[in-house]
Each structure stands twice: as C-alpha cells, then as structure tokens.
Amino acid sequence: MDLTEQLPPDWRAAMDLDPLATAALSSFVTEEYETRTVYPPREDLFAAFHRTPYADARVLILGQDPYHGPGQAHGMSFSVREGVKIPPSLRNIYKELAADLDVVPPASGDLGRWAEQGVLLLNAVLTVRAGEAGSHAKKGWEQFTDAAIRALNAKEERVVFVLWGAYARKKAALVTAPQHVVHESAHPSPLSARAFFGTRPFSTVNKALADAGLAEIDW
C-alpha cells in the first residue's frame, strides 16, 4: 500500500510529506493490515480527506486515534457509521452541541454531514489494532497528519482548529498564521467531560467563521 497514492490528489499536492518516512509508514501499515485486525477498514483509511476536499476545509476537529472496537471506526474522527451505537465521547459532544446551540442530538453517530460542509474530522494516528488503543502511535502517522495540519495552516482563508484534550492541544504549535483561530478545551471523554462541558466549541467555530466572512457550519 502506497499511502501517498491513496491520498486524494488535492491533499497530496498540499501536504509536504517526507518520502522516506512515508515509505516506512506505508510498509508498516501494509504489514499490519495483512497480519492483524486493523481499523478502520482499508477502504476507509483516508475517508476524512475524501469527504472534505482541501479547498473546502475550514474547520479541523482533531482526534487521537480511531475507535478500536469492531464496526466503529470508518475514517473520520469521533464518527461511527449509521446504526452503530454512539460511543461515550461522541455522546458528550452531542450533549455539548445541544447546550451550546440547542441542536437536538442526532440519532446517528455518522458525522459525514459535518465533513461535507468543510469540517475535517482527522485523527492524529489513522490506524489502530483491534482492541488496542494507541497501538499504532509513534509509527509515523503523527508526522503524516502534522503535514495535513501544516497544509491547513498554509491556507489564506481562515481555518478554525478545534483541539480537544492534552494530546490534540500540543498541535496548536503548528498553527502559526494569524488569520486562523484555535479553540482548545478538555477532551469529551467521560474521564474529562466535566471540564469539556460548557466550552461552547460549536458557537465559537461559527463566530470565528462569520467574523472572517465565511459561511457558518450547520451543526
């Protein structure tokens, strides 16, 4: 599997990827898919990039790594397919959405509608072994997805970076262009949700977009 070739052409052109590091990551990921149960399915690996073209991306919601339970991960951070039980973190995201914008929590955990409006739902690590959270961390994915964050930082139009939890908040250092906005808070996991609730990320994103003359997200 050549990861560079799997990326949509627009993202491939925008991301400054190290060829040697990407080749090593490609070899690792290929072997893992061939010898282990790995999520998401291969065909969903770059779903976030396919669902949100580079030119349209105006919000980043950064997760850590994919869900590691069967049938959950499908290539977009925090999202699960229609019909899959909504995981605790996403349930808390929906609770905050209801409190922030009075949006009735959807019955589905599929966040594709957000992605199609320009919300890049990216994990810092894009694969995981079944049942082993964090198992593909520090294998090269971080440099790969940092390149995507830097590509967003290079955009002339405002991008709003939503960083939940200590891990994601470290990525704020990659956002250097003054036109962009970074929203940081605790993670929506049940372990830290008490500090997440009340942070109003959705209205914050929409205000930042509106202030830049951009269309708001219909959450």
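Residues numbered from 1 in each chain as written. Predicted model: local features only at pLDDT ≥ 70, side-chain atom pairs only at ≥ 80, totals over all residues. Heavy atoms only, no water.

Visitor: Residue-level account of the overall build of the chain, with values.
Guide: Along the chain, the regular secondary structure elements total 10 helices and six strands. Across its three principal axes, the chain shows a C-alpha extent of roughly 45 × 40 × 25 Å. When burial is assessed residue by residue, the chain has 54% of its 219 residues classed as buried. Within the chain, contacts between residues at least 6 apart in sequence are counted, and of these 66% link residues at least 24 apart. Accessible area of the chain: about 10,100 Å², with a carbon and sulfur share of 51%. (Helix = DSSP H or I, 4+ residues; strand = E, 2+ residues; numbered from the N terminus. Buried < 20%, exposed > 50% of the residue type's maximum accessible area, 1.4 Å probe, protein only. Contact = heavy atoms within 4.5 Å. Areas by Shrake-Rupley, 256 points an atom, 1.4 Å probe, with all protein chains shown as cover.)

Visitor: I'd like a description of the side chain of D44, backed by residues and values.
Guide: If you trace the backbone, D44 turns up in the loop between β1 (38-39) and α4 (47-51). At a separation of 2.3 Å, a polar atom in the side chain of D44 contacts the side chain of R81. (Polar contact = N/O pair within 3.5 Å; in protein donor to acceptor, adjacent residues only side chain to side chain.)

Visitor: Can you break down the pairing of strand β3 (residues 119-123) residue by residue, with the values?
Guide: In terms of burial, β3 is largely enclosed, as five of its five residues are buried. Because side chains alternate across β3, one face comprises the buried residues V119, L121 and N123, and the other comprises L120 and L122, equally buried. Alignment of strand β2 (residues 59-63) against β3, held across five bridges, turns out to be parallel. The residue of β3 that forms the bridge with L62 is L122. (Pairing = 2+ DSSP bridges.)

Visitor: Please give an account of the sheet that holds β2 that cites residues and values.
Guide: Read across the open sheet, the four strands follow the order β3-β2-β5-β6; overall the sheet is parallel. What marks the edges here is a single partner per strand, and that holds for β3 and β6 (181-185). Across this sheet, the average inter-strand angle for adjacent strands is 20 degrees, counted without regard to direction. In the sheet, strand β5 (residues 160-164) pairs with β6 via five bridges, with the strands oriented parallel. Residue pairing in the sheet places W164 in a bridge with S185 of β6. (Axes fitted to C-alpha atoms, helices over the stretch in contact; angles between N-to-C directions.)

Visitor: Please give an account of unusual backbone geometry that cites residues and values.
Guide: Glycine aside, residues mostly have negative phi, and peptide bonds are mostly found in the trans state. P40 follows Y39 through a cis peptide bond whose omega is -5 degrees. With a phi angle near 70 degrees, F78 is a residue other than glycine that sits in the positive phi range. Positive phi outside glycine occurs at D102, with the angle close to 60 degrees. With respect to the helices and strands, D102 occurs in the loop between α5 (88-101) and α6 (112-115).

Visitor: Which residues make up the layout of surface pockets, and what values go with them?
Guide: Considered as a void within the structure, the largest pocket measures approximately 450 Å³ in volume. Q64, D65, F78, N123 and H187 are the residues nearest the centre of the largest pocket, which is lined by 31 residues in total. Among the elements of the structure, β2, α5, β3 and α8 (165-169) are those that each provide at least two residues to the lining of the largest pocket. The greatest single-element share of the lining of the largest pocket, amounting to four residues, is contributed by α8. Classifying every residue of the lining of the largest pocket gives 19 nonpolar, 11 polar and one charged. Considered as a void within the structure, the second largest pocket measures approximately 160 Å³ in volume. As for the second largest pocket, its lining consists of 14 residues, of which D16, L17, D18, Q143 and A147 are closest to the centre. (1 Å grid on protein atoms, 1.4 Å probe; cavity = no way out; pocket = protein on both sides within 12 Å on 5 of 7 lines; lining within 4 Å. Points joined across faces, edges and corners; volume = space filled by probe spheres on them. Nonpolar A, V, L, I, M, F, W, Y, C, P; charged D, E, K, R; others polar.)

Visitor: Tell me about the UniProt feature "domain: Uracil-DNA glycosylase-like" (unreviewed entry) in the chain, residues and numbers included.
Guide: UniProt's feature table lists "domain: Uracil-DNA glycosylase-like" (unreviewed entry) at residues 50-209, given in the numbering used throughout. The distance from the first to the last C-alpha atom of residues 50-209 is 22 Å, and the span holds 32% helix and 14% strand. (UniProt positions renumbered as here; feature names shortened; annotations may be inferred.)

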